Every structure is written in structure tokens, then in C-alpha cells.
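# Overview (structure and organization)
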Amino acid sequence: MDVFTTTILPSFQVMPYATPAAIGVLSFSMFFMKKFISDNKKRNARLPSVPEVPGWPVIGNLLQLKEKKLHKTFTSWVEIHGPIYSIRTGSSTIAVLNSNDVAKEAMVTRYSSISTRKLSKALTVLTQDKCMVATSDYDEFHKMVKRCILTSVLGTNAQRRHRCHRDTLIENISNRLHAHVDTSPDEAVNFREIFESGLFGIALKEALGKDVQSVYVDEFGSSLSREEIFKVLVLDPMEGAIDVDWRDFFPYLSWIPNKRWELNIQQMHLRRQAVMNALMKEQKKRIALGEELNSYLDFLLSEGTLTEKQISMLVWEAIIEASDTTLITNEWAIYELAKNPNCQDMLFQQIQIVCRSEKTTEEHLSQLPYLNAVFHETIRKHSPVPVIPLRYAHEDTELGGYYIPAGSEIAINIYGCNMDKKQWIKPEEWKPERFLDGKYDPKDLHKTIGFGAGKRACAGALQALLVGCTSIGRLIQEFEWRLRDGEEDNVAIVGLTTRKLQPLHAIIKPRT
Ligand code: HEM
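Anyway, here's the lowdown on the structure attached to this text. Note that the structure is predicted; figures quoted are calculated from it, not measured. Position labels on residues start from 1 in each chain and follow its written sequence. Where totals are concerned, whole chains, interfaces and linings use all residues; where local detail is concerned, this predicted model gives features only for residues with pLDDT of at least 70, and gives and counts side-chain atom pairs only at 80 or more.

## Concerning the sheet that holds strand β2 (residues 92-97)
As a reminder, the rule being used: Note: two strands are recorded as paired if DSSP finds a minimum of 2 bridges between them. To qualify as a helix, a DSSP run of H or I must reach at least 4 residues; to qualify as a strand, a run of E must reach at least 2; elements of each kind are numbered from the N terminus. Throughout, a residue-residue contact means that the two C-beta atoms, derived from backbone geometry, are no farther apart than 7 Å. Axis geometry follows a simple rule: fit a line to the C-alpha atoms, using only the stretch in contact for helices, then measure angles between N-to-C directions, giving values from 0 to 180 degrees.
Reading across the sheet, the five strands line up as β1-β2-β10-β7-β3 and stay open at both edges, with mixed pairing between neighbours. Edge strands, defined here as strands with exactly one partner in the open sheet, are β1 (84-89) and β3 (116-117). Relative to strand β10 (residues 409-413), helix α5 (residues 100-109) is tilted by about 130°, and along the sheet it contacts β1, β2, β7 (387-392) and β10.

## Some points on the nonpolar core
We apply this condition: By convention the nonpolar core is taken to be a set of buried residues drawn from Ala, Val, Leu, Ile, Met, Phe, Trp, Tyr and Cys and joined through C-beta atoms within 7 Å. Counts of 20 or more other C-beta atoms within 10 Å of a residue's own C-beta define buried residues, counts of 12 or fewer define exposed ones, and intermediate counts define partly exposed ones; C-beta atoms are placed from the backbone.
Grouped together as the largest cluster of nonpolar side chains are 77 residues, with contacts concentrated most on Val 315, Ala 318, Ile 319 and Ile 334. Formed by 29 residues, the second largest nonpolar core is a distinct cluster that contains Val 50, Ile 84, Ala 393 and Leu 399.

## Here's the deal with the site of the ligand
Selection criterion: Being near a molecule or strand means, for a residue, that its backbone-placed C-beta atom lies within 6 Å of it. Three classes are used, and their members are as follows: Ala, Val, Leu, Ile, Met, Phe, Trp, Tyr, Cys and Pro are nonpolar, Asp, Glu, Lys and Arg are charged, and the others, Gly among them, are polar.
Of all residues adjacent to the ligand, which total 24 residues, the nearest are Thr 325, Gly 452, Cys 458, Gly 460 and Ala 464. Put simply, the parts of the chain that give the shell around the ligand at least two residues each are α7 (140-154), α14 (308-339) and α18 (461-478). Broken down by element, the residue count for the shell around the ligand peaks at six residues, all from α14. Split by residue class, the shell around the ligand holds 14 nonpolar, seven polar and three charged.

## Regarding the sheet that holds strand β11 (residues 479-483)
Strand order in this open sheet of three strands is β4-β14-β11, and the pairing throughout is antiparallel. Strand pairing shows two members of the sheet lacking a second neighbour, β4 (189-190) and β11, which therefore form its edges. The pairing of β4 with strand β14 (residues 505-510) spans two bridges and is classified as antiparallel. Across the sheet, Val 189 pairs through a bridge with Ala 506, a residue of β14.

## Side note on helix α9 (residues 163-183)
Rules: How far a helix is expected to stretch is found by multiplying one less than its residue total by 1.5 Å. Directions drawn from the helix axis to the C-beta atoms are what define this arc.
Between the first and last C-alpha of α9 there are 31 Å, a value that for 21 residues agrees with the 30 Å anticipated at 1.5 Å per step. Considered for burial, the residues of α9 that qualify are Arg 166, Leu 169, Ile 170, Ile 173 and Leu 177. An end-on view of α9 places all buried positions within 90° of arc, on one side of the element. Counted as exposed and oriented over 90 degrees from the buried face of α9: Cys 164, Asn 175, Ala 179, Asp 182 and Thr 183. Lining the buried residues of α9 we find β4, α10 (191-208), α18, β11 and β14.

## What to know about the pairing of β10
Judged by how many residues are buried, β10 sits mostly within the fold: five of five residues are covered. Across the two faces of β10 the burial is the same, with Glu 409, Ala 411 and Asn 413 and Ile 410 and Ile 412 all buried. In this sheet, β10 lies alongside β7 in antiparallel orientation, the contact comprising four bridges. Across the sheet, residue Arg 391 finds its bridge partner in β10, namely Ile 410.

Honestly, it's all geometry; don't read function into it.
Here you go:
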């Protein structure tokens, strides 16, 4: 028996008088629905098409995009083509959005028409076909796993429960910096080395319950150190995510093999999977012995609704997302403060007044508006996620008054939005003061579009703010920072996010 005979039919039979009325209402609504859809289609079709950036036949604009810093190329085209324009990458058409208004229209108002993604071949392998909160389409799976990550790791209550990990991180970083000054006071400190390792520790504790120091991996027949685990789980996939397979641009040529590329990305995935399996096996032994911990893995296993493969991908997601973007923000924030001694002094003065002899903690953050402004200005100027992974219009829609046909891809250039001269005065300058203007609510996490917007806004924004602000506050409270010679020009970036190509090296002097 089908669903209609078992469920729908009986419910009509017990309401004999309601049936004709219901059918009448149904036909009436269907008539209006059809009319609404066809009116909408006609209206969309009457709208102008998005201005095109001229390119070449067949390859479109690919040659103009060969520099990997897409966000900068996109932003440079705004002067000529306006805040919304379209490009062609082989056989795909991409609408590029470069202003807050039109980006928010895509992420909020028209979200229902643009709620899916078309992933590159590399991302399809690395995300195991969208098996992550951040890359899934907006469907039941997405809603379920987003609830899981918020409840267990990133929501307000979960963040309260993970507070001890953040405190330990900041204490360890401070101790390591003091140790550096004691042993080599005149040598520049490699900020990234210290901060990245601490952040990875938080990621492991939240995801697995423990800051793992090494793990035996059956498939490799050997043990991996913490640094090697970091490389396999974070550094390699970040690099792999921007590895382009030319067949992405010409799907009709997908039958041509690209063996070397496929082997490379598959091996990256298999290594990651092997390490995740080994890490999870260790923690399952712990759980079997009755030792429960406040971790994402413990939570997902106790839910009992997900497969082993899904759990492994979700736990890995929590690790990689906690390890990268927060480092990028803090490295750029310290770079800017070291480069701008007046801003550093201003922040130090405020910390002195508010914290006096106490160490800066999360409790002080609401009284430190300049620290908050430093955080948001860094996210604005150095947007850690400069371009949101491509969204896909699965039905006809409109953006910025232009017609967007179904099948278009949408690139939201967050960096471009943050460099919009109509919205920001002298956007190329790093000036935290701009956020002290009364029009910004100090508690608002979304002063810029840096964390996205709407239903897919960043789930980890609170953690990024708490770790970012408290550690920047403590580092400025305890040390005076100065860039080492030549460091000012080290601004090249690399990767999908805006990771500095060269790690920040700074001279630090303890404050007395
Ligand atoms: C300064 C740091 C960060 C920035 C700038 C940032 C930025 C973003 C942006 C722009 C999005 C939206 C992507 C889209 O619209 O498709 C996003 C989504 C997301 N972020 Fe972050 N992020 C940061 C830190 C974190 C951290 C620390 C975590 C977790 C540990 C995290 C987890 C997530 C997740 C799970 C999503 C997907 C939300 C969804 O699709 O519903 N983020 N992030």
C-alpha cells in the first residue's frame, strides 16, 4: 500500500463534508501558485542581465583569474563593471557580488533560491560530497548537524562549558612568550608557531576531548606526532581545497582522465581518513572504559543517528575550522598593532584602566570597546574568508535588480564588500576607530559581513570573538610589540583563507 492509501485517503474519509471544500481550496490555491510562479518568471525575464566582464571564447575569463588571489582581482573589477557583474570560467557563468546590499540580498532575501552549492572536484572529495555543516545544502541533514555542532561545541552554552580550554590556551601562550624573552630577548618571536599550536589544542579538546600528542595509525604502520597530525588534518586539506582540476571548468571534457591530480587528492583524503579513524578509535576505547568527556565525538556517538563516516567528517570539520581562521585573525591583528604604535598604546591604556592589576579575561571584554574594534577592523581589512565557497541558483531569481537565471553560480566577495568605498571611508586603511562610531552596537558580532549573514552565517563567530579578543588583550597587556625589520612588507597571502604567506615575526618587550 502506498502513502496515499494508508495516510492521506483515510484522513479524507473521516472528514466526508470537508472533502469537497478541501479540494476546492486546493485547486484555488494551485491556480494562484501557478500564476505567481509564471508572473515571477515573466518579471525576472524582464529584468536586465548582469553586466559581463569581457573574456575569450570558450575559456571566458579564466586567463584573467590565473592569479590565485581571486578576491583582489574581483575587487579591482568593481571600478569598471560596478558592484555586481558576471564572469565566465569555461562553461560556467558566475555572478560576482561585491557590495553589502547585494551580498545580503543573496544570503538573506533570496536565500531560498540560492541555498545549494556546486563544489569543485577537490572540494567534493575533501568534503566527502558535502558531508559537513559548512558545505552541505540547506536540507534536513544540514539542520540536524548544525544543531549538533551548536549544542555540543559552538553555541553560547557549549562555549561556557569549553571555557577552561580557552583559559588554558591563553595562559600557555603567555608562558611561552615569557620563556622566549627569558632565553632570547633580542630575537624576533615566531608568533604563528606558538599560537597555531595552542589553537590546535583547543580544536582537539573540543572535538575529541583530549589534546592528543601522538597516535598510532594502522594504515601507515607507524605513529604520528602532533605536528604530523596537524599537517594531515589541517595544512594539507587547506592546500588541497584550492587545487584546481581544469575539468571543473569544462565538465563536458570530464571523460578525459587527469590521473595525477585525482591520485593526489584521493591520497590526501585517505591519509586524513586514516588519521581520523585512529584518533576516534582511541577515544572510543576511553568511552568503552566508562570515561566520558565533554567532546563533540562523545556527543555525536551518543546521538546514535549518524554513520561512522559522517561522524568522522563532522569531527574533522570542527578541528579544521577551529584551527585556521582564528589564527589568521590574530596574526593580522598583532601585525597591525605592532605596525601602528599609536593604536597599540590606545588599546594598552584602555586595558590598564579597566583591568588594572588583573589579567585580561572574558569578563572584561564588554568594558573594552577598543579591543572589540581592533577585532572587527582586522576581520574587515583582512577578511579571513575572502570569498564564500560558490553558491548555486537552483531556480530563476534576481539580485541587485538584475535577472539571475537558474544554473548560475554566485560568488560573494566578502573582501570586496569590505573594501567598498561607498560603505567605508578609506577602506584600505586599518582604523579600529571606525567601529567606535555610535552607529555600531558593541555586542553585534556582524559589524561587517566577515562572518557571512542569514541562515548560513558563521556558527563559530562567538568562539572566534572570545579567543581572538581575550588573547589579543592579554598579549598587548603583557608585551610591547614591534615588527622586526622588513616585516612590514611581508603581506603576501596564500590559500583559500587569507593566511599570511610568511609567519609573523615580531620583537616583544615585557611591560613592567
Ligand atoms: C574569524 C574567524 C572566522 C571567520 C571570519 C569565519 C567566517 C565564516 C563565514 C563567512 C561563513 C559563511 C559561509 C557561507 O555563507 O557559506 C562561515 C560559516 C561557518 N563557520 Fe566560520 N568563520 C570563523 C571562525 C569559525 C570557527 C572558529 C568555527 C568553528 C570552530 C567556524 C565554523 C563555521 C561553520 C560550522 C560554518 C557553517 C555554518 C552554516 O553553513 O550554517 N567558523 N564562517
